[in-house]
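# Observations on the three-dimensional arrangement
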Amino acid sequence: MSSRFAPRPTRTTVRGGETAVPAGVPRQATAARTRTWKPPFPLDLGVTVGPLRRGPADPTFRTTPDGSVWRASRTPEGPGTLRLALRSGTVEAEAWGPGADWFLDRLPTLLGASDDPAAFEPRHRLVAATARRRPGLRLTRTGLVLESLIPSILEQKVTVDEAYRAWRLLVRGHGEPAPGPTPNLYVMPDPRTWSLIPSWEWHKAGVDNKRASTILRAAKVAARLEEAAAMEPVKAQARLELIPGIGPWTSAETVQRSNGAPDAVTVGDLHLPGIVGHALANDRAADDEAMLSLLTPYEGQRHRATRLILLSGHTPPRRAPRMRRTDIALL
């Protein structure tokens, strides 16, 4: 629903990729590069690119009242800013900066043109109902590894609020203003800049030495890691996991975005097994083993199944306080 009476996104549906995009009104094109593309399938712009947003104040991602989605990235051609808007079934795209052509050339892939939802067959009533309600869900494929890997590392073993704060502070403090007309949008640091961030800046951002060291190791071999975007997801995960500190949870969270991996299941997560267990078997105490067993009918499409479960908003009632936040910057 797009009216003012539409339900607000919850923490769970946001994790499933839901991003509220205002209906908006057309705006005058002012970009150096433009492209229009009419997808041959239903497209929900907010749900498709929503997983790329790291919190409501992500400095690399923004939605605006005119119905636009703005995204700033460090492409292989250099920094770039992309504005997307969906008008009457047609995507209007504008891009700025050295990465503009790279962005526009890969626009259909970013918006799920290489995804194949026809391969997915719902096996549970809840999943089937959500699939009917969300026909515009497509799995994005950015083709960029480091921009998904680093925030995923920051999310290891901490609350999402802590991770989002760290990402925000580090990108604003060490990135660069994004090209184009939108203020307060930033491109994340390049690998060399990540490697030069002093220890006290990690500390101020609330990032412990283990996560900071993992990011530094990844930055040293960034070029090799970026090659994983062209690999099959299983091989891409294997390459990422060669870096000490990167395990199945982090690699899955990365290739879901960089490679559009429909079967990359996030194992080792604190909440996901309970959400999946509750939705499919009324088992809120499910662990990773139980979750994978429940997802067996969706082999090859397990990530899509979990996205639909998250987007359903069907979550077990909370029984314990949220994970306590520990700000190491205050230590």
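Residues numbered from 1 in each chain as written. Predicted model: local features only at pLDDT ≥ 70, side-chain atom pairs only at ≥ 80, totals over all residues. Heavy atoms only, no water.

## As for unusual backbone geometry
Leave glycine aside and you will find that most residues have negative phi; peptide bonds, for their part, are mostly trans. Quick note on the threshold: Secondary structure elements follow DSSP: runs of H or I no shorter than four residues count as helices, runs of E no shorter than two count as strands, and numbering proceeds from the N terminus. In this scheme, a residue with accessible area under 20% of its type's maximum is buried, one over 50% is exposed, and one in between is partly exposed, where area comes from a 1.4 Å probe on protein chains only.
One non-glycine residue with positive phi stands out, namely Ser88, at about 50°. Structurally, the position occupied by Ser88 is in the loop between β4 (78–87) and β5 (90–96). We classify Ser88 as exposed; its relative accessible area is 77%. A positive phi angle, close to 55°, is found at Asn282, a residue other than glycine. With respect to the helices, strands and loops of the structure, Asn282 is situated in the loop between α14 (272–281) and α15 (288–294).

## So, the environment of Gly17
Definition in use: For this analysis, residues touch if any pair of their heavy atoms sits within 4.5 Å.
Positionally, Gly17 belongs in the loop between α1 (11–15) and β1 (33–37). In sequence terms Gly17 and Val49 are 32 residues apart; their C-alpha atoms lie 7.2 Å from each other. When residues no more than four places from it in sequence are discounted, the contact partners of Gly17 are Gly46, Val47, Gly50, Pro51, Arg307 and Leu311.

## Topic: helix α12 (residues 233–240)
What counts is decided by this rule: As used here, the arc is the angular range of directions from the helix axis to the C-beta atoms.
Burial in α12 covers these residues: Ala236, Gln237, Arg239 and Leu240. Each buried residue of α12 lies within a common arc of 160° when the element is viewed along its axis, so the set occupies one face. Of the exposed residues in α12, those oriented more than 90 degrees away from the buried face are Val234 and Lys235. On its buried face, α12 sits against α6 (146–154), α11 (222–226) and α13 (248–258).

## Observations regarding the side chain of Arg138
Which entries qualify depends on this criterion: In this count, Lys and Arg are taken as positive residues and Asp and Glu as negative ones, while His and the chain termini are left out. One speaks of a salt bridge when a side-chain nitrogen belonging to Lys or Arg is within 4 Å of a carboxyl oxygen belonging to Asp or Glu. Under the rule applied, a polar contact is a pair of N or O atoms within 3.5 Å (in protein, one hydrogen donor and one hydrogen acceptor; residues adjacent in sequence only if both atoms are side-chain atoms).
Positionally, Arg138 belongs in the loop between α5 (125–133) and α6. No salt bridge forms around the buried Arg138; measuring N to O, its nearest opposite-charge neighbour Asp115 is 4.2 Å away. A polar side-chain atom of Arg138 sits 3.1 Å from the main-chain carbonyl oxygen of Gly112. Non-local contacts of Arg138, meaning those with residues more than four positions away in its chain, are made with Phe41, Pro42, Leu43, Thr48, Leu111, Gly112, Asp115 and Pro117.

## So, the packing of α6 against helix α10 (residues 209–220)
Applied cut-off: Angles shown run from 0 to 180 degrees and are taken between the N-to-C directions of axes, each axis being a line fitted to C-alpha atoms and, for helices, limited to the stretch in contact. By the definition adopted for this analysis, an angle is roughly parallel if under 35 degrees, roughly antiparallel if over 145, roughly perpendicular if from 65 to 115, and oblique otherwise. By definition, turning the near helix anticlockwise from the far helix through less than a right angle yields a left-handed crossing, and turning it clockwise yields a right-handed one. In this count, Pro and Cys sit with the nonpolar residues alongside Ala, Val, Leu, Ile, Met, Phe, Trp and Tyr, while Asp, Glu, Lys and Arg are called charged and the others, Gly among them, polar.
Relative to each other, α6 and α10 sit at 165°, their axes nearing to 9 Å. Here α6 lies roughly antiparallel to α10, going by the angle between them. The way α6 lies across α10 gives a crossing that is right-handed. Only Arg211, Thr214, Ile215 and Ala218 of α10 make contact with α6, whose side of the interface consists of Leu146, Leu149, Ile150, Ile153 and Leu154. In terms of residue class, the contact of α6 with α10 is made up of 7 nonpolar, 1 polar and 1 charged.

## Side note on the pattern of salt bridges
Overall, the coordinates contain 15 salt bridges when judged by the stated rule. We note a salt bridge from Glu92 to Arg87, for which the minimum N-O separation is 3.8 Å. Accessibility expressed as a relative area gives 26% for Glu92, which makes it partly exposed. A salt bridge links Arg239 to Glu227; its shortest N-O distance comes to 2.7 Å.

## Quick word on the packing of aromatic side chains
As a reminder of what qualifies: Ring geometry is summarised as follows: Phe, Tyr and Trp rings, the Trp one being its six-membered ring, pair when their centres sit within 6.5 Å, and such pairs are stacked at plane angles under 30 degrees, edge-to-face over 60 and tilted between the two. Only lysine NZ and arginine CZ atoms are considered, and such an atom sits over a ring when it is within 6 Å of the ring centre and within 35 degrees of the ring normal.
What the rule picks out here adds up to 6 aromatic pairs. Aromatic pair Trp37 and Phe41: ring centres 5.9 Å apart, planes at 70°, arrangement edge-to-face. With a centroid separation of 5.4 Å and 20° between ring planes, the pair formed by Trp70 and Trp96 is classed as stacked. You can see Trp70 sitting in strand β3 (residues 68–75) and its partner Trp96 sitting in strand β5, a full 26 residues away along the chain. Judged by relative accessible area, which is 3%, Trp70 ranks as buried. Take Trp96: its relative accessible area is 9%, and that puts it in the buried class. These aromatic residues form a ring-pair network of at least three members: Trp167, Trp194 and Trp202. One residue, Arg138, lies across the ring of Phe41, its end atom 3.7 Å from the ring centre.

These results come straight from atomic positions and should not be treated as a statement about function.
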